[in-house]
Each structure stands twice: as C-alpha cells, then as structure tokens.
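One-letter residues, chain by chain:
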Amino acid sequence: LTAPAVQFTVVYNLMIAYNRQSVENDGVTPITFTLTVTSGNGQPAAGVSVNWSTDLGDLTSFSGVTDANGVLTVKITSTQTGRATVVATVGDQSINAPDVFFTSPS
C-alpha cells in the first residue's frame, strides 16, 4: 500500500509594533520595529527565520531569528524625507508595519 506524500505548512501569527511614527531624517535617530511570532495555539515561536525589507531608509539588519519569546527587532534610519513601509516576512507570510515618516529638521 502506497500513500501520497503529505506536506504540512506551518502557519504563524505575526504581530508588528513600532516605538514611534516619525523622526527627523538625520540618519541617526532610529525607529524600532518589534515583530512577535506565535504558533497557531498562541505559544511563542522561537528560532523562526525572519526577513526584513523597506522601501525607504536603512535597516540595521535584513534578516534574523526570533528569540525564546518569539521576538525579533530591527531599527530603521534615513537621510531622506518621506514615508517608509517596513515588511517582515516569515516563510510565505508577510506583514506590513504601519507606515512611518522621516521629516526634515525644523
């Protein structure tokens, strides 16, 4: 008796937060994003690979692995003025952070 191969796809719950919505575009002052990854039953998902991307600014890292609490952070700075969208990707799942803004010094 031969059965077809079965593949399982892990589905995670992704939640992303940031510490502020806007900063000056001085290239130094960061906005920190915190991604929390949990399993389908709400338990922290440790050791999960995450890729980060943005359409504006400089990220401190483009990839990382969640810690024992299922958490990974990244910071973004920019010398450009404008809106930045940061995306965290886990496998084939992605989550967009709320847009953040880099403003000219007043």
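All values reported here derive from a predicted model rather than from experimental measurement.

Focus on the overall build of the protein
Link 1 in the chain: Scanning the protein from terminus to terminus reveals zero helices and 11 strands.
Link 2 in the chain: Mapped from its N terminus to its C terminus, the protein presents α and β elements in the order β-β-β-β-β-β-β-β-β-β-β.
Link 3 in the chain: For 106 residues, the compact-globule estimate of 2.2 N^0.38 gives 13 Å, and the C-alpha radius of gyration of the protein, at 17 Å, exceeds that figure by more than 25%.
Link 4 in the chain: In terms of overall dimensions, the protein has a C-alpha envelope of 75 × 25 × 20 Å along the principal axes.
Link 5 in the chain: Expressed as a percentage of the 106 residues in the protein, the buried residues total 33%.
Link 6 in the chain: Of all intrachain contacts in the protein linking residues separated by at least 6 positions in sequence, the fraction that spans at least 24 positions is 54%.
Link 7 in the chain: Total accessible area on the protein stands at roughly 6300 Å², and carbon and sulfur atoms take up 52% of it.

With respect to the side chain of Thr85
Link 1 in the chain: With respect to the helices, strands and loops of the structure, Thr85 is situated in the loop between β8 (82–84) and β9 (86–90).
Link 2 in the chain: Of the polar contacts made by the side chain of Thr85, one reaches the side chain of Asp99; its length is 2.7 Å.

What about the environment of Ala45?
Link 1 in the chain: Mapped onto the fold, Ala45 is located in the loop between β3 (31–38) and β4 (49–54).
Link 2 in the chain: Owing to a relative accessible area of 7%, Ala45 belongs among the buried residues under this scheme.
Link 3 in the chain: Remark: the alpha-carbon pair of Ala45 and Thr81, spanning 36 residues in sequence, is separated by 35 Å.
Link 4 in the chain: In this structure Ala45 touches Tyr12, Val37, Thr38, Ser39, Thr66, Asp67 and Gly70, once residues within four positions along its chain are discounted.

Re the nonpolar core
Link 1 in the chain: Core analysis: the largest hydrophobic core is formed by 24 residues, its most contacted members being Ile16, Phe33, Leu35, Trp52, Ile76 and Phe102.
Link 2 in the chain: At the level of secondary structure, the elements contributing two or more residues to this core comprise β1 (13–18), β3, β4, β7 (71–77), β9 and β11 (100–103).
Link 3 in the chain: In terms of residue count, β3 provides more of this core than any other element does, four residues in total.
Link 4 in the chain: Ignoring anything within four residues of it in the chain, the contact list for Leu35 reads Leu14, Met15, Ile16, Val50, Trp52, Gly70, Val71, Leu72, Ala88, Val90 and Ile95.

Some words on the pattern of salt bridges
Link 1 in the chain: Scanning all chains against the criterion turns up two salt bridges.
Link 2 in the chain: Linking Arg83 and Asp55 is a salt bridge whose minimum nitrogen-to-oxygen distance equals 3.7 Å. Of this pair, Arg83 sits in strand β8 while Asp55 sits in the loop between β4 and β5 (58–59), placing them 28 residues apart in sequence.
Link 3 in the chain: Its relative accessible area of 48% is what places Asp55 among the partly exposed residues.
Link 4 in the chain: Between Arg83 and Asp99 there is a salt bridge, with the nearest N and O atoms lying 3.8 Å from each other. You can see Arg83 sitting in strand β8 and its partner Asp99 sitting in the loop between β10 (93–96) and β11, a full 16 residues away along the chain.
Link 5 in the chain: Exposure remark for Asp99: the relative accessible area of 27% places this residue in the partly exposed category.
Link 6 in the chain: In the salt-bridge network here, residues are joined through shared partners; they are Asp55, Arg83 and Asp99.

Rules and cut-offs
- Residues numbered from 1 in each chain as written.
- Predicted model: local features only at pLDDT ≥ 70, side-chain atom pairs only at ≥ 80, totals over all residues.
- Heavy atoms only, no water.
- Helix = DSSP H or I, 4+ residues; strand = E, 2+ residues; numbered from the N terminus.
- Rg over C-alpha atoms; globule rule 2.2 N^0.38 Å.
- Buried < 20%, exposed > 50% of the residue type's maximum accessible area, 1.4 Å probe, protein only.
- Contact = heavy atoms within 4.5 Å.
- Areas by Shrake-Rupley, 256 points an atom, 1.4 Å probe, with all protein chains shown as cover.
- Polar contact = N/O pair within 3.5 Å; in protein donor to acceptor, adjacent residues only side chain to side chain.
- Core = buried A, V, L, I, M, F, W, Y, C linked by side-chain atoms within 4.5 Å.
- Salt bridge = Lys/Arg side-chain N within 4 Å of Asp/Glu carboxyl O.

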